[in-house]
Amino acid sequence: MSEENIPSRSNFITEIIDQHLENGRFTNVHTRFPPEPNGYLHIGHAKSICLNFGIARDYGGLTNLRFDDTNPITEEVEYVESIQDDIRWLGFDWEDRLYFASDYFAQMYDYALQLIKLGKAFVCDLNVDELRHYRGTLTEPGKNSPYRERSIEENLDLFQRMKAGEFQEGSHTLRAKIDMASPNLNLRDPVLYRILHAHHHRTGDEWCIYPMYDYAHALSDSIEGITHSICTLEFEDHRPLYDWCLQTLGIFHSQQIEFARLNLTHTVMSKRKLLQLVREGHVSSWNDPRMPTLSGMRRRGYTPEAIRTFADIIGVAKAHSNVDMELLEHVLRDDLNARARRVMVVVEPLKVIIGNYPSDKEETFDVPYFPSSRALDDSPTRQVPFSREIFIERSDFMEEPPSKFYRLAPGREVRLMNAYYITCTDVVKDANGEVVELHCTYDPESRGGMSPDERKVRGTLHWVSARHAINAELRLYDTLFTLPNPFDVPDDGDFMDNINPNSLQVVTDAKLEPVLAEAVVGEFFQFMRQGYFCLDSVDSQAGAPVFNRSISLVDTWAKMQQNR
RNA sequence: UGGGGCAUGGUGCAAUGGCAGCACAGCGGACUUUGAAUCCGUUGAUCCAGGUUCGAAUCCUGGUGCCCCGGCCA
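Residues numbered from 1 in each chain as written. Chains lettered and ligands numbered in written order. Predicted model: local features only at pLDDT ≥ 70, side-chain atom pairs only at ≥ 80, totals over all residues. Heavy atoms only, no water.

Caption draft 1: View of the overall build of chain A. Across its full length, chain A carries 13 helices and 25 strands. Taken against the 2.2 N^0.38 rule, which gives 24 Å for 564 residues, the C-alpha radius of gyration of chain A at 31 Å runs more than 25% over that of a compact globule. Its C-alpha atoms put chain A at 100 × 55 × 45 Å along the principal axes. Residues counted as buried form 53% of the 564 residues belonging to chain A. Long-range contacts, defined as pairs at least 24 residues apart, comprise 71% of the intrachain contacts of chain A with a sequence gap of at least 6. Surface exposure of chain A reaches about 25900 Å², of which carbon and sulfur atoms provide 47%. Charge-centre separation for chain A: the mean point of 60 positive side chains lies 2 Å from the mean point of 86 negative side chains. (Helix = DSSP H or I, 4+ residues; strand = E, 2+ residues; numbered from the N terminus. Rg over C-alpha atoms; globule rule 2.2 N^0.38 Å. Buried < 20%, exposed > 50% of the residue type's maximum accessible area, 1.4 Å probe, protein only. Contact = heavy atoms within 4.5 Å. Areas by Shrake-Rupley, 256 points an atom, 1.4 Å probe, with all protein chains shown as cover. Lys, Arg positive; Asp, Glu negative; His and termini not counted. Charge placed at Lys NZ, Arg CZ, Asp CG, Glu CD.)

See below:
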């Protein structure tokens, strides 16, 4: 193994692989990501994608993308498209190894014939209810099917007629002949094939019998030469059946390894529950920026790099985990901090009139997009216009400031970022006593944000020239659920009771500096002192921009207020 | 004793018989033309009870708790 092939991070899976490589069970590593095309990919799938592609990369091996399309009733082409888009966006490449379990239907059928000839499978005429009855319970053994001892010839004939479409759905199944008394229910003569007179998105009406997951997955892995078939914990009980299929047939034997799926606080991760959120209108769609789907996160402003870093950091184990959303948010902030251009946007505007600034005067400041690299003088810049009337953030002014508040207040002086120092001289209120306007004076000597006398000015505010401001809609997001664990409900409760009614806050009259008119989908911005934002790829229009808040900045001041 | 699996700070992951460590969160401070970032410091953990051992998170025995399995879904 060359230097760069040493796994970046070891875990119990890489330990197993190392053993296999040492003892010669395998000489290469070949993984696969096997989504069922019945929904959109979410952050939990991203963990699996990063794991499978990452391990193959670390060991100099390959990863296949294989759609597990064995249930035509729930699967659609729309999903196979979106899944590929999402994986590519995440940054992984399956090259020419795009496969479908349905590619192997003919081969799987032949293997089924072999199983019958081996006396290891039989056609069963029991219906669903009868089968359930025969299966027994968790603590009691099942009973053999009355059709279990059919002759090989009869089974062959029946199975071929199943394939030929002679029978109704539910009337017959092909079952493995294993052990109805097994304590593992998966081994109680499990169904291998069922009849489904359904149109398949790839094979059309060619087939009316479809293989079950356990059979199809094991054979697909074997056919593709997958060495390590990584799946989630709930399939642990299925491994003996997986092994049985490959052993009985005597074909290439992949090793199934199970790990704990990802859970995140303040959200839900199952396709069914995500679908419920969409159907009941709690979110706009699968790619609503509040959704933990990859398409939603992309629209929200998550970067592939942040998600990959996250997958790397959380690690992989067999213990059930519930990762803190704050960790996800941390990696996003970290990534965006390094790449987002800084601009000024006033979310909740309060007008400021600078009395001693001539009303017909205008000037522009050349402001760096990356102020922290100012010293290096290597940051690109943009022109920011300034004039007599500006907007500042309403929360940056308090008439009666508490201690430690060092923003604007009557008589106080603050710095307008990159512009001038201003001092508040007058507060204008409406009939309700609400502040509607501030009158200030500026110090012409402080142009650029620093005064010759180097006097200390504690507060530095962002601002936008009123005359030049462009309006925009801002969408501020919070978690979908109020509790870390949405399922933490009283006995008669439902996780939907914990939905966050304020997960979306829409601001319709935000004031942006003019350059933002040229913003393009896919660009990342830091609205200074607010958070990271990106143009919404769905609802934003020329002249009517809509920005999503990807994630707010850490707000120490707000935290101080909270703790009081 | 149906079967399978898992227990390490608040959360996630390490330590593979030899000083329990990392990240996030928390707390305190420095710096600051972003109350951001950065920097420095810091609180906090081996499910329980026995046993083996010079030495146990790790090995053994017995408990306890939690998760998964009775689809012709995956």
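After presenting the structure, the write-up continues.
Caption draft 2: Highlighting the protein's contact with RNA strand B. As a matter of local geometry, RNA strand B sits amid 67 residues, with E15, R407, G448, Q526 and T556 nearest to it. Expressed as a percentage, the sugar and phosphate content of the atoms of RNA strand B within 4 Å of the protein is 61%. Here a phosphate oxygen of RNA strand B and a side-chain polar atom of R529 are 2.7 Å apart. Of all the secondary-structure elements, those providing two or more residues to the surface near RNA strand B are helix 5 (128-135), strand 6 (191-195), helix 12 (325-339) and helix 13 (556-563). Sort the elements by how many residues they give to the surface near RNA strand B and helix 13 lands first, with 5 residues. Its residues assigned to classes, the surface near RNA strand B comprises 26 nonpolar, 20 polar and 21 charged. (Near = heavy atom within 4 Å. Polar contact = N/O pair within 3.5 Å; in protein donor to acceptor, adjacent residues only side chain to side chain. Nonpolar A, V, L, I, M, F, W, Y, C, P; charged D, E, K, R; others polar.)

Caption draft 3: Summary view of the layout of surface pockets. Each pocket or cavity is described by its volume, and for the second largest pocket that value is around 770 Å³. Looking at the second largest pocket, it is lined by 29 residues, and the ones nearest its centre are H45, T232, E234, F235 and R261. Of all the secondary-structure elements, those providing two or more residues to the lining of the second largest pocket are strand 1 (30-33), helix 2 (43-58), helix 7 (213-224) and strand 8 (228-232). The residue makeup of the lining of the second largest pocket, split by class, is 11 nonpolar, 10 polar and 8 charged. (1 Å grid on protein atoms, 1.4 Å probe; cavity = no way out; pocket = protein on both sides within 12 Å on 5 of 7 lines; lining within 4 Å. Points joined across faces, edges and corners; volume = space filled by probe spheres on them.)

Caption draft 4: Structural view of the nonpolar core. Core analysis: the largest hydrophobic core is formed by 50 residues, its most contacted members being I43, I87, L277 and I307. Only helix 2, strand 2 (62-67), helix 3 (77-90), helix 9 (271-279), helix 10 (294-300), helix 11 (304-314) and helix 12 provide two or more residues apiece to this core. Examining the composition of this core, we find that 6 residues originate from one element, helix 3, more than from any other. (Core = buried A, V, L, I, M, F, W, Y, C linked by side-chain atoms within 4.5 Å.)

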